[in-house]
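Residue strings, one per chain:
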Amino acid sequence: MESTDLDELAGRIDGVAQALLRLAAQLEMDGFMLGPRLTQAWRDARPEHLALGAQLQASRKVLLQMAEQLDTARANRQASQ
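Residues numbered from 1 in each chain as written. Predicted model: local features only at pLDDT ≥ 70, side-chain atom pairs only at ≥ 80, totals over all residues. Heavy atoms only, no water.

### Thoughts on the overall build of the protein
Basically, it comes down to this: A run of H or I in DSSP becomes a helix once it reaches four residues, and a run of E becomes a strand once it reaches two; helices and strands are each numbered from the N terminus. What the globule rule says is 2.2 Å times the number of residues to the power 0.38, and the radius of gyration is computed from C-alpha atoms. Only protein chains enter the accessibility calculation, which uses a 1.4 Å probe; a residue whose area is less than 20% of its type maximum is buried, one above 50% is exposed, and one in between is partly exposed.
Helix and strand counts for the protein come out as three helices and zero strands. The order of α-helices and β-strands along the protein, N terminus first, is α-α-α. Relative to the compact-globule value of 12 Å for 81 residues, the protein shows a C-alpha radius of gyration of 15 Å, a clear excess of over 25%. Here the protein holds 81 residues, and 20% of them are scored as buried.

### Let's talk about the side chain of Thr-39
To be explicit about the condition: Between two residues, a contact is recorded if the distance between any of their heavy atoms is within 4.5 Å.
Counting through the fold element by element, Thr-39 comes out in helix α2 (residues 35-45). Judged by its relative accessible area of 1%, Thr-39 falls in the buried class. Apart from the residues within four sequence positions on either side, Thr-39 is in contact with Ala-67, Leu-70, Asp-71 and Arg-74.

### Section: helix α1 (residues 3-29)
Note: α-helices contain 3.6 residues per turn, so residues at a spacing of three or four share the same orientation. Applicable threshold: Expected helix span is given by 1.5 Å per residue-to-residue step, counting one fewer step than there are residues.
For α1, with 27 residues, the first-to-last C-alpha span of 39 Å sits near the 39 Å given by 1.5 Å per residue. Looking at α1, one finds that the buried residues are Ala-17, Leu-21, Ala-24, Ala-25 and Glu-28. Packing partners of the buried residues in α1 comprise α2 and α3 (54-79). A positive phi of about 80° marks Gly-31, the residue just after α1.

Okay, here's the thing in structure tokens:
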């Protein structure tokens, strides 16, 4: 895969992740789901001892990053209220 192909793939993945984060935040703010429960499920989805191989390690890293971003957004919303 060429560098431009990898950049495009990374951009697409980031776009999907951003859409999911914004949807989750909106559902949480509207009272349709518990954000902390979702972020814990993301953290539990890829335990370190089962993240064997580069693909699962990358998946785990993204899930942990997304959980952290959603938790941070929640904390920022609560702090500004």
